[in-house]
Amino acid sequence: MKFSSWIKSLQILVSSNKRGFLFSMLLLATTGFIEALSILGLTPIIDIIFNPNLENTSGPTRKIITTLSYFDLEPTLITIILAFMFLIICKNIFQIISRYWLIKIEFNILQDLIVCTFKDFLGSSWIFFSKNKSGELGNTFITQTEKARDSFQMSALILANSIRILFFLGLALSLSAKVTSIMLVMMSVTLIPFSRLGRFTYRFNNDVRKASNRLYSIYEETFSQAKLIISYSNQNYAIRNIKKFLTIYIDKLTKIAVINSSTPIIFEPLGYAIVLISIYIGYHIYKIPGAELLVLLYSIRSISTLAIQMVGYKNRLQELAPSLDQIFELRKMAIDLTHERGSKPFSNLKESIEFKNISFQYESSTKVIDNINIIIPKGSFVAFTGKSGAGKTT
């Protein structure tokens, strides 16, 4: 993956709507805090169920009971369950609002990206259009911009998961720093191989992008020449041509889909292994109380789930990088080949249109027009005639 493409997507995501983005991050941080707090609220529920007299309770349970007494609430099972459910509902509300803002930003970026790309293309000279096939340019708007939006979404999800992991990690460290540290080492070792898959998906998706561009070119050429194809009964040739590139396209897409869907499946037994090892270490070696151990395991399981999701998002970003590369490279080419325009506005035609000593040539070719002088009087009708390639259109 070209790392600059990911950085550019993240910059666009942040700079497009700074206030909305920061507001979304604040909501996500609040969501993460409430989520961690609600999970910690499981400890008194477990303690009360297994120890109704609240004797020899865990540290978090004693702190929560003290907090309830501050609000003159009895530490009953019903009270604590209601408080737990209240936190869960608050967490879900904040999560929905933050996702709404992020999705809104993503689609605003998509709109701006399409409009700015379209503006850059139309502001360029004819050389830009002669260098690039119309199918590739059309595919840039139809398919590649949508994949670019997906890359912005992946960036947002990575940030969201990072915030949630920080809060779960803080909760786990507060319960047992030693068990959490051991868990982090095991998780890092198991995730490294999966994080390397993005390099393979980048190469596959680069081939998919090229095949997709070619397919759109073939579609456009076929439909524009449909009359000739039907007249000369060349339908089978057109179909074979489409099948050829569809086979390449589908083959690469299949490989990418298998890699993406297999990653969480392969990691699942490793995730359970980490949890089981944590149970053994926490209970037999560090003698962590049952309620605290359960919350610790939930935090560890949540961290491992979010981490494997982040690896998937990161691989998906690498997979989408060719689409970003195509958009940015074409825009740069269009800007570099921008056609110079005069500053004088055209108001009306007074007497005639006059060309004096006009010459023109396309890049790397001989002159199409060489020192032409023409005067076309107002009200006259003029036709340019000549054989194909003589320069009439120019």
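Cut-offs applied
Residues numbered from 1 in each chain as written. Predicted model: local features only at pLDDT ≥ 70, side-chain atom pairs only at ≥ 80, totals over all residues. Heavy atoms only, no water. Helix = DSSP H or I, 4+ residues; strand = E, 2+ residues; numbered from the N terminus. Buried < 20%, exposed > 50% of the residue type's maximum accessible area, 1.4 Å probe, protein only. Contact = heavy atoms within 4.5 Å. Areas by Shrake-Rupley, 256 points an atom, 1.4 Å probe, with all protein chains shown as cover. Lys, Arg positive; Asp, Glu negative; His and termini not counted. Charge placed at Lys NZ, Arg CZ, Asp CG, Glu CD. Phe/Tyr/Trp six-rings, centres within 6.5 Å; stacked < 30°, edge-to-face > 60°. Core = buried A, V, L, I, M, F, W, Y, C linked by side-chain atoms within 4.5 Å. Salt bridge = Lys/Arg side-chain N within 4 Å of Asp/Glu carboxyl O.

A. Just the overall build of the protein chain, in detail. Each helix and strand in the protein chain was counted, giving 12 helices and two strands. When the helices and strands of the protein chain are listed from N to C terminus, the series reads α-α-α-α-α-α-α-α-α-α-α-α-β-β. When the backbone C-alpha atoms are referred to their principal axes, the protein chain occupies close to 105 × 50 × 35 Å. Within the protein chain, the fraction of its 394 residues that count as buried is 40%. Look at the contacts in the protein chain between residues 6 or more apart in sequence, and 80% of them connect residues 24 or more apart. As presented, the protein chain carries roughly 23,400 Å² of accessible surface, and 64% of it is formed by carbon and sulfur atoms. Of the charged side chains in the protein chain, 42 are positive and 26 negative; the average position of the first set lies 6 Å away from that of the second.

B. Summary view of the packing of aromatic side chains. Within the structure shown, the criterion is met by eight aromatic pairs. Measuring from ring centre to ring centre gives 5.5 Å for F118 and F141, while their planes differ by 75°; the resulting arrangement is edge-to-face. Pair noted here: F118 is in helix α5 (residues 77–122) and F141 is in helix α7 (residues 134–175), with a separation of 23 residues, a long-range link. Residue F118 is classed as partly exposed on the basis of its relative accessible area of 45%. Measuring from ring centre to ring centre gives 6.1 Å for Y216 and Y219, while their planes differ by 80°; the resulting arrangement is edge-to-face. A residue pair is termed a helical-turn pair when its members lie 3 or 4 positions apart in one helix, as Y216 and Y219 do in helix α9 (residues 197–224) at three residues. Overall, the relative accessible area of 26% leaves Y216 in the partly exposed class. Y219 sits in the partly exposed class, given a relative accessible area of 31%.

C. Representation of the nonpolar core. If you look at the biggest cluster of nonpolar residues, it comprises 28 residues, and the most contacted ones within it are M187, L191, L296 and I303. Sorting the residues of this core by element identifies α2 (18–40), α7, α8 (177–195), α11 (235–285) and α12 (290–336) as the ones contributing at least two each. In terms of residues, this core owes the most to one element, α12, which gives 10 residues. Excluding anything up to four places from it in sequence, L191 contacts F267, A307, I308 and V311.

D. Quick look at helix α3 (residues 42–50). Inspection of α3 places T43, P44, I45, I46, D47 and I48 among the buried residues, and these make up the whole buried set. Looking at the buried residues of α3, the elements they touch are α2, α4 (59–70), α5 and α12.

E. Structural view of unusual backbone geometry. With phi around 50°, K287 is a residue other than glycine that occupies positive phi space. Relative to the helices and strands, K287 is located in the loop between α11 and α12. By relative accessible area, K287 is classed as exposed at 61%.

F. Highlighting the pattern of salt bridges. In total, this model carries six salt bridges according to the counting rule given. Between R149 and D150 there is a salt bridge whose closest N-O contact spans 3.6 Å. A relative accessible area of 10% means that R149 is categorised as buried. The exposure class assigned to D150 is buried, which follows from its relative accessible area of 15%. Linking K356 and E354 is a salt bridge whose minimum nitrogen-to-oxygen distance equals 3.8 Å. In this structure, a network of salt bridges that share partners links the residues E146, R149 and D150.

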